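Observations on chain architecture
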Amino acid sequence: MVRLPCPLLLPLLLLAPPVLQLSAATPEPCELDDEDVRCVCNFTDPEPDWSSAFQCMSALEVEVHGGGRSLQQFERFADTNPKEYIDLVKALRLRRLTVGAAQIPAPLLAAVLRGLGSSRLRHLTLVDLEVNGTMPVPPLEDLGPALLTLSLHNVSWATGDAWLAKLQQWLKPGLRELNIAQAHSLAFRCADLHTFSSLRTLDLSDNPALGERGLTAALCPNKFPTLQELTLRNAGMETPSGVCAALAAAGVKPQRLDLSHNSLRASTQGAPACTWPSALSSLNLSFAGLEQVPQGLPAELSVLDLSCNRLRRMPRPEELPRVTTLTLDGNPFQEPDASKYQEVPNSGVVPASACSTLAMGMSGTVALLRGAGALA
Ligand SMILES: *[C@@H]1O[C@H](CO)[C@@H](O)[C@H](O)[C@H]1NC(C)=O
Ligand SMILES: *[C@@H]1O[C@H](CO)[C@@H](O)[C@H](O)[C@H]1NC(C)=O
Ligand SMILES: *[C@@H]1O[C@H](CO)[C@@H](O)[C@H](O)[C@H]1NC(C)=O
Ligand SMILES: *[C@@H]1O[C@H](CO)[C@@H](O)[C@H](O)[C@H]1NC(C)=O
């Protein structure tokens, strides 16, 4: 019997049970590349050799696929005291960790975060995870890693709307970028949420059911005071002015706003005019199915991307904000062969292939000049 020394070292080591059974027939689940940089583990096998994860000790980037299994059996490791392993954890080179395709008890997830508290982990990605049970409250002074980036794709939480606050309390402050795609709930309980005091980028792309109302619920007022970039690609947004209203309600003042890949309407009847954040300098409205330039855009922008829409004529200067760089590539008015722009059923946007073909044939400078021309 070999008692593995450090069950909390990495989630995968945490998964390493005391008994090592090496079966020659099954391939090693983990593979470390020749440069000792990236280590990928695939524990899809019904009886995987968990100890293979030790190869990943020297890696900078580790990716673990759980094959959809439940990690319930490892919940007992959640009680391990991370202080016992602190020197080992400090010696890890691990910077990036991706954990995917598993069902994980919340106490175990918390234990993994706590175990990695003194590590150099800065970028954590969770994909296709189901977190069941309740996240415990962290002991004071014993938090998880000081992450810069946290990315969650299709992660479901038994705690429902409270999940972000529960997860946040395990992280040291300093998070710069938060990406949440295919979320099961973005209607956060704002009162429980701490201020994200260093967050610069919030990416809520690929939440097609979010919509402007959902955005208003997700953007908890005054919790994102340092936000510079808000990305809402394919997030069910309907009009730029609706988004403007959500930003104003939350007091969020990004410099860059990406509304690409939403089916946008040019105007909202009877909607009150909204004041855009004064810092907003870049607005992306590409792949938005627009037939006209939307009304109520910010008065002045450095960058406006209107590429890959359905504009049938060159916008008139008075329809556009004052823009330094305007991109209009991939609109029908630029291309005599408009048959390339057939609508895709139910999506209302031009096919990406047609648009990228066009865009490739045109340099950025040409687009820029063309933009300037439109304003002249
Ligand atoms: C993991 O392994 C299984 C079977 O060996 C394979 O079907 C699957 O694609 C692999 N997954 C990843 C993410 O490599
Ligand atoms: C989301 O994750 C669950 C596992 O938690 C998985 O069963 C499901 O297929 C994933 N959905 C998508 C769209 O990938
Ligand atoms: C989590 O799921 C596992 C496996 O489905 C189950 O055994 C366990 O009781 C669940 N835990 C909670 C707290 O719901
Ligand atoms: C706007 O969004 C599209 C699609 O998401 C992307 O390809 C393009 O680079 C973005 N434009 C700018 C100026 O960032």
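Structure first, text after, so check above.
Below is a summary of the structure that appears in this document. This one's a predicted model, so the numbers in the text were calculated from it and none came from an experiment. (Residues numbered from 1 in each chain as written. Chains lettered and ligands numbered in written order. Predicted model: local features only at pLDDT ≥ 70, side-chain atom pairs only at ≥ 80, totals over all residues. Heavy atoms only, no water.)

**Re the nonpolar core**
The biggest cluster of nonpolar side chains holds 89 residues, and the ones touching the most others in it are L232, L257 and L304. Tallying contributions element by element places helix α3 (residues 106–115) first for this core, with six residues. Once residues lying within four places of it in the same chain are set aside, the contact partners of L232 are L204, S205, L215, M237, V243, L257, D258, L259, S260 and N262. (Core = buried A, V, L, I, M, F, W, Y, C linked by side-chain atoms within 4.5 Å. Buried < 20%, exposed > 50% of the residue type's maximum accessible area, 1.4 Å probe, protein only. Helix = DSSP H or I, 4+ residues; strand = E, 2+ residues; numbered from the N terminus. Contact = heavy atoms within 4.5 Å.)

**Notes on the packing of helix α5 (residues 211–218) against helix α6 (residues 240–250)**
For any two helices packed against each other, the geometry is given by the interaxial angle and the distance between the axes. Where α5 contacts α6, the two axes come as close as 9 Å, and the packing angle between them is 15°. Regarding the angle of α5 to α6, the classification is roughly parallel. Where α5 crosses over α6, the handedness of that crossing is right-handed. Residue-level contacts link E212, L215 and T216 of α5 to G242, V243, A246 and A249 of α6. Among the residues making up the contact of α5 with α6, the classes are represented as four nonpolar, two polar and one charged. (Axes fitted to C-alpha atoms, helices over the stretch in contact; angles between N-to-C directions. Parallel < 35°, antiparallel > 145°, perpendicular 65-115°, else oblique. Left-handed = near helix turned anticlockwise from the far one by under 90°. Nonpolar A, V, L, I, M, F, W, Y, C, P; charged D, E, K, R; others polar.)

**Here's the deal with α3**
In terms of burial, α3 is largely enclosed, as nine of its ten residues are buried. Taken as a whole, α3 has its buried residues at A106, L108, L109, A110, A111, V112, L113, R114 and G115.

**Things to note about α6**
With eight of eleven residues buried, α6 is to be regarded as a mostly interior element. Among the residues making up α6, those that are buried are P240, S241, G242, V243, C244, A246, L247 and A250. Those residues of α6 that are buried are in contact with α5, β9 (229–231) and β10 (256–258). Immediately downstream of α6, the backbone of G251 shows phi near 65°, a positive value.

**As for the environment of N234**
You can see N234 is positioned in the loop between β9 and α6. Relative accessible area serves as the criterion here: at 28%, N234 is assigned to the partly exposed category. In this structure, the C-alpha to C-alpha distance between N234 and A181, residues 53 residues apart in sequence, is 9.9 Å. Leaving out residues up to four positions away in the same chain, N234 has contacts with S205, D206, N207, P208, S260, H261 and N262. Within the structure, the side chain of N234 is placed 2.9 Å from the side chain of D206, a separation counted as a polar contact. (Polar contact = N/O pair within 3.5 Å; in protein donor to acceptor, adjacent residues only side chain to side chain.)

**Thoughts on the side chain of S52**
Relative to the elements of secondary structure, S52 occurs in the loop between β2 (38–42) and β3 (61–70). The class of S52 is buried, set by a relative accessible area of 3%. Among the polar contacts made by the side chain of S52, one reaches the main-chain amide nitrogen of C30 at a distance of 3.0 Å. For S52, the residues in contact, after removing those within four places along its chain, are E28, P29 and C30.

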